[in-house]
Amino acid sequence: MAAAMASAAERAVLEEEFKWLLQEEVHAVLKQLQDILKEASQRFALPGSGPGGVIKQESFVLGTSGTDQVKGVLTLQGDALCQADVNLKMPRNNQLLHFAFREDKQWKLQQIQDARNHVNQAIYLLMNRDVNYQFKTGSEVLKLMDAVMLQLSRARNRLTTPATLTLPEIASSGLTKMFTPALPSDILVNFYINLNKLCLTVYQLHVLQPSTTKNFKPAGGSILHNPGAMFEFGNQRYEVSHVHKVECVVPWLNDALVFFTVSLQLCQQLKDKISVFSSYWNYRPY
């Protein structure tokens, strides 16, 4: 009898704690998440966020590769690469090539655009449950946290996992038409985001003659192709002879990744608290 009374009293206390968690602490965490994610969203320099709605331009010097073959400056404006000024020293003859974006061209970085959209979707989910909303069950909170975490994981993954492309896909992308002077036919370039870095890869190619005895084996999709990779494009077969990868750190991308990590941890901590109570309700000692 005493044990039963103690159990009932304990249960009453837990129910009060759980009620407080649903009514007070959940909203405190949601507010904290909103504040953090709004900071993250601002890092993506949304249109209209600056004075007069103008997104500021930021220029970054590309870190030199091991052989110092590629140098340049990239200019970023929100999710658009609005200028790329690149010098390439050809390894065969040390000839210096210079190419830059045409003034009427910009290259949208889909990874940044997608990450920003996922952050905004997470904010939308949180704002749909304002301070006056009453959560009735723990599972309702878990469902919301799962939905927010899914958007945050997708946002983070877009920045940490560049697309795998085949060499013909790189060759046929609009990037080849962005430059003045036009890129030589034996040069391919690709831009992508990897974590907090904006990366440029330059591929130098040589034509495989029809009489070559080399066993032609087209390469599949990859983030970074290696020398020796082969492909066919425009009825012509090519082999990659040299690969140069250079990159620059974009500080606000690093900030965004930190905000994603902190937000995911907050979501998980709230889920864990809810689960502690859920496991108690499901526990039957007799």
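Predicted model, so just to flag it, every value in this text is computed and none were measured.

The rules behind the values
- Residues numbered from 1 in each chain as written.
- Predicted model: local features only at pLDDT ≥ 70, side-chain atom pairs only at ≥ 80, totals over all residues.
- Heavy atoms only, no water.
- Helix = DSSP H or I, 4+ residues; strand = E, 2+ residues; numbered from the N terminus.
- Buried < 20%, exposed > 50% of the residue type's maximum accessible area, 1.4 Å probe, protein only.
- Contact = heavy atoms within 4.5 Å.
- Areas by Shrake-Rupley, 256 points an atom, 1.4 Å probe, with all protein chains shown as cover.
- 1 Å grid on protein atoms, 1.4 Å probe; cavity = no way out; pocket = protein on both sides within 12 Å on 5 of 7 lines; lining within 4 Å.
- Points joined across faces, edges and corners; volume = space filled by probe spheres on them.
- Nonpolar A, V, L, I, M, F, W, Y, C, P; charged D, E, K, R; others polar.
- Core = buried A, V, L, I, M, F, W, Y, C linked by side-chain atoms within 4.5 Å.
- Salt bridge = Lys/Arg side-chain N within 4 Å of Asp/Glu carboxyl O.
- Pairing = 2+ DSSP bridges.
- Axes fitted to C-alpha atoms, helices over the stretch in contact; angles between N-to-C directions.

The subject of this paragraph is the overall build of the protein. What the protein contains, in helices and strands, is five helices and ten strands. Among the 286 residues that make up the protein, the fraction classed as buried is 42%. For the protein, long-range pairs separated by at least 24 residues make up 67% of all intrachain contacts whose partners lie at least 6 apart in sequence. In the form shown here, the protein has an accessible surface area of approximately 15300 Å², with 53% of it arising from carbon and sulfur atoms.

In this structure, the largest pocket occupies an estimated 290 Å³ of space. In this structure, the largest pocket is lined by 18 residues; those nearest its centre are Trp-107, Ala-163, Leu-165, Asn-190 and Phe-191. Counting only elements with at least two residues in the lining of the largest pocket, the list comes to β5 (107–108), α2 (110–127), α4 (167–172) and β7 (187–194). Counting residues per element, the lining of the largest pocket draws most heavily on β7, which supplies four residues. Within the lining of the largest pocket, the residues separate by chemical class into eleven nonpolar, four polar and three charged.

Let's shift gears to the nonpolar core. One recurring pattern in soluble globular proteins is that nonpolar side chains are buried together. The biggest cluster of nonpolar side chains holds 67 residues, and the ones touching the most others in it are Phe-44, Phe-179, Phe-191 and Phe-260. No other element matches the twelve residues that helix α5 (residues 251–282) contributes to this core. The next biggest cluster of nonpolar side chains, apart from the first, holds ten residues, and it includes Ile-170, Tyr-203, Leu-205 and Ala-229.

Here the focus is the environment of Lys-177. With respect to the helices, strands and loops of the structure, Lys-177 is situated in the loop between α4 and β6 (179–180). For Lys-177, a relative accessible area of 56% puts it in the exposed group. Between the C-alpha atoms of Lys-177 and Arg-102, which are 75 residues apart in sequence, the distance is 8.9 Å. Among all residues touching Lys-177, those that are not within four sequence positions of it are Arg-102 and Lys-105.

A separate point is the pattern of salt bridges. Under the definition given, this model contains eleven salt bridges. The salt bridge involving Lys-273 is made with Glu-25; its shortest N-O contact spans 2.3 Å. Of this pair, Lys-273 sits in helix α5 while Glu-25 sits in helix α1 (residues 2–43), and the two are 248 residues apart along the sequence. Between Asp-114 and Arg-158 there is a salt bridge whose closest N-O contact spans 3.0 Å. In this pair, Asp-114 sits in helix α2 while Arg-158 sits in helix α3 (residues 138–160), placing the two residues 44 residues apart along the sequence. Arg-158 gets classed as partly exposed once you look at its relative accessible area, which sits at 21%. Here the salt bridges do not stand alone but share partners, grouping Glu-39, Arg-43 and Asp-255 into one network.

Pairing between sheet strands relies on hydrogen bonds along the backbone, with the strands arranged either parallel or antiparallel. The sheet built from four strands is open, its strands ordered β7-β8-β10-β9 with antiparallel pairing. Each having just a single partner strand, β7 and β9 (230–233) make up the two edges of the open sheet. Shown here is a sheet whose adjacent strand axes are inclined to one another by a mean of 40°, direction ignored. By the bridge criterion, four bridges tie β9 to strand β10 (residues 236–249) in an arrangement that is antiparallel. Counted as the bridge partner of Phe-231 is Tyr-238 from β10.

Turning to the pairing of strand β8 (residues 197–207), a few remarks are in order. For β8, the buried fraction is high: eight of the eleven residues fall into the buried class. Taken together, the eight bridges between β7 and β8 define a ladder with antiparallel strand orientation. Bridging across to β8, Val-189 finds its partner in Val-202. The antiparallel pairing of β7 with β8 creates a hairpin that spans two residues between the two strands, and Leu-195 there sits at a positive phi of about 60°.

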